[in-house]
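These are the residues of each chain, in order.
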Amino acid sequence: MNQWLRNFRMRKGTFLELCELLSPTLKRKDTRMRAALTVQKRVAIALWKLATPDSYRSVANHFGVGKSTVGVAVMQVANAIVELLLSKVVTLGNVQVIIDGFAAMGFPNCGGAIDGTHIPILGPDHQASQYINRKGYFSMVLQALVDHRGRFTNIKVGWPGKVHDARVFRDSGLFRRLQEGIYFPDHKITVGDVEMPIVILRDPAYPLMPWLMKPYTGALDTEKELFNYQLSKCRMVVECAFGRLKGRWRSLLTRCDLSETNIPIVIAACCVLHNLCESKGETFMAGWEVEANSLAADYAQPDSRAIRRAQRDALCIREALKGRFLSEQGNL
């Protein structure tokens, strides 16, 4: 049982359910492979390849297939996951449950935490310099919004590693919908004497907006430190989600050797698989994080420069929250 979990990152029951969900698309792919490989075998090959940093050759040997068959299976399965499951599985869900979850962790009227992470890739054939990030390796950016439980509710993948997180965010459909006030329901609360919409939390790399709260930077007094503490405690969920995503699907930690068009599909498929595993309560084994950290050490995450821009009403909301956290602490 444990061996199965180690190899495929999910229990057998979940694996069979996944095969069932993907079979409409995978069965249609009537190629020379189909006669040779069942849907289950193709899904098994793909999950094994995504879960390990193993080479195509070693996965091929393990399953008794050709090296190119592994590559085809990975892309067929990843495409099927994105086509059939992405819009169902990576979705906002019940906003009130998310708000209650973050409120229990200490941040009111919060609809998610957002961050970006760099996935190492091999230098692409064209515009390679665009993909070199601040740490000096080639990467592609995954931006994700997560809920209080660390499930992805919105993802954007494919920007080259050189691009600043804030630009990736500004160019995403999520930013536009948040800006227009149509992503979350219109649910405002009053903090002090300030109206506050549903907000998302972020590190200092993004500008402060009425719907986007980030920590204070510069000289901090006790009140600002308390605000930053409350925010970072809740913002940790997104870092944990990335940690678990990469701990399960370790192929994201070593340089992905697919083409620039295929890499985003594979990353998105791994995000779907993350949500499936999390919602099914799949075990995340103790050793996985250790393995992931040793692989990740070769590719440190670049820091994004902090952005100091802020809108005036956003500053008022942050000040009001700071006061509220202080008074709540006084009541403890």
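Residues numbered from 1 in each chain as written. Predicted model: local features only at pLDDT ≥ 70, side-chain atom pairs only at ≥ 80, totals over all residues. Heavy atoms only, no water.

1. Structural notes on the overall build of the protein chain
Line of reasoning, step 1. If you tally the helices and strands in the protein chain, you get 14 helices and seven strands.
Line of reasoning, step 2. Relative to a compact globule of 332 residues, whose C-alpha radius of gyration would be 20 Å, the protein chain shows 21 Å and is just as compact.
Line of reasoning, step 3. Each principal axis of the C-alpha distribution contributes one length, and for the protein chain these read about 70 × 40 × 35 Å.
Line of reasoning, step 4. With 332 residues in all, the protein chain has 53% of them scored as buried.
Line of reasoning, step 5. Sequence separation of at least 24 residues holds for 72% of the intrachain contacts in the protein chain that already meet a minimum separation of 6.
Line of reasoning, step 6. Just so you have it, the protein chain exposes about 15,000 Å², and 51% of that area is on carbon and sulfur atoms.
Line of reasoning, step 7. If the 44 positive side-chain charges of the protein chain are averaged to one point and the 31 negative ones to another, these points end up 7 Å apart. (Helix = DSSP H or I, 4+ residues; strand = E, 2+ residues; numbered from the N terminus. Rg over C-alpha atoms; globule rule 2.2 N^0.38 Å. Buried < 20%, exposed > 50% of the residue type's maximum accessible area, 1.4 Å probe, protein only. Contact = heavy atoms within 4.5 Å. Areas by Shrake-Rupley, 256 points an atom, 1.4 Å probe, with all protein chains shown as cover. Lys, Arg positive; Asp, Glu negative; His and termini not counted. Charge placed at Lys NZ, Arg CZ, Asp CG, Glu CD.)

2. Structural notes on the packing of helix 5 (residues 56-63) against helix 6 (residues 67-84)
Line of reasoning, step 1. Direction vectors running N to C along helix 5 and helix 6 enclose 95 degrees, while the axes themselves pass 8 Å from each other. In terms of orientation, helix 5 lies roughly perpendicular with respect to helix 6. In this structure, helix 5 contributes Y56, R57, V59 and A60 to the contact, and helix 6 contributes K67, V70 and G71.
Line of reasoning, step 2. Partitioned by chemical class, the residues of the contact of helix 5 with helix 6 number four nonpolar, one polar and two charged. (Axes fitted to C-alpha atoms, helices over the stretch in contact; angles between N-to-C directions. Parallel < 35°, antiparallel > 145°, perpendicular 65-115°, else oblique. Nonpolar A, V, L, I, M, F, W, Y, C, P; charged D, E, K, R; others polar.)

3. As for the packing of aromatic side chains
Line of reasoning, step 1. Applying the stated rule across the entire model yields 17 aromatic pairs.
Line of reasoning, step 2. Both rings, one in F107 and one in F325, keep their centres 5.4 Å apart while their planes meet at 70 degrees; by these two values the pair is edge-to-face. With F107 in the loop between helix 8 (95-105) and strand 1 (110-120) and F325 in helix 14 (residues 312-331), the pair connects residues that are 218 residues apart, well separated along the chain. Comparing F107 with F325 shows no difference in burial state: the two are buried.
Line of reasoning, step 3. Following the ring pairs from residue to residue traces out a cluster consisting of W4, F8, F15, W48 and F63.
Line of reasoning, step 4. Seen from the ring of W288, R9 lies directly overhead, with NZ or CZ sitting 3.9 Å from the centre.
Line of reasoning, step 5. Note that R202 overlies the ring of Y206, its terminal NZ or CZ placed 3.6 Å from the centroid. (Phe/Tyr/Trp six-rings, centres within 6.5 Å; stacked < 30°, edge-to-face > 60°. Lys NZ or Arg CZ within 6 Å of the ring centre and 35° of its normal.)

4. Details of the sheet that holds strand 3 (residues 152-160)
Line of reasoning, step 1. Sheet architecture is open: five strands sit in the order 3-2-1-6-7, paired in mixed fashion. Bordering the open sheet on either side are strand 3 and strand 7 (212-213), each of which pairs with just one other strand.
Line of reasoning, step 2. Here helix 11 (residues 222-248) sits on the sheet in contact with strand 1, strand 2 (139-146), strand 3, strand 6 (199-201) and strand 7, set at roughly 40 degrees to strand 1. (Pairing = 2+ DSSP bridges.)

5. Concerning the side chain of S172
Line of reasoning, step 1. Among the structural elements, S172 can be located in the loop between helix 9 (165-170) and helix 10 (173-179).
Line of reasoning, step 2. For S172, a relative accessible area of 3% translates into the label buried.
Line of reasoning, step 3. S172 has contacts with Q143 and K156, leaving out every residue within four places of it along the chain.

6. A short note on the UniProt feature "domain: DDE Tnp4" (unreviewed entry) in the protein chain
Line of reasoning, step 1. Under the UniProt annotation, the feature "domain: DDE Tnp4" (unreviewed entry) is placed at residues 114-275.
Line of reasoning, step 2. In residues 114-275, helix accounts for 33% and strand for 22%; the two terminal C-alpha atoms are 16 Å from one another. (UniProt positions renumbered as here; feature names shortened; annotations may be inferred.)

7. Details of the nonpolar core
Line of reasoning, step 1. Counting residues in each nonpolar core, the largest one holds 106 residues, and the members touching the most others are L22, V43, F107, F152, F169 and W249.
Line of reasoning, step 2. For this core, the leading source of residues is helix 12 (residues 263-279), giving 11 residues.
Line of reasoning, step 3. Aside from chain neighbours lying at most four places away, what touches L22 is V43, V77, A80, I81, L84 and L85. (Core = buried A, V, L, I, M, F, W, Y, C linked by side-chain atoms within 4.5 Å.)

8. Describing the pattern of salt bridges
Line of reasoning, step 1. Scanning the entire structure with this criterion turns up 16 salt bridges.
Line of reasoning, step 2. One salt bridge connects R202 with D115, and the closest N-O pair in it is separated by 3.0 Å. Here R202 is found in the loop between strand 6 and strand 7, whereas its partner D115 is found in strand 1, with 87 residues between them in sequence.
Line of reasoning, step 3. With relative accessibility at 0%, the residue R202 sits in the buried group.
Line of reasoning, step 4. The class for D115 is buried, based on a relative accessible area of 8%.
Line of reasoning, step 5. Across the salt bridge formed by R167 and D171, the nearest N and O atoms sit 3.4 Å from each other.
Line of reasoning, step 6. Overall, the relative accessible area of 46% leaves R167 in the partly exposed class.
Line of reasoning, step 7. Among the charged side chains, a salt-bridge network with shared partners connects D115, D165, R202, D203, R235 and E239. (Salt bridge = Lys/Arg side-chain N within 4 Å of Asp/Glu carboxyl O.)

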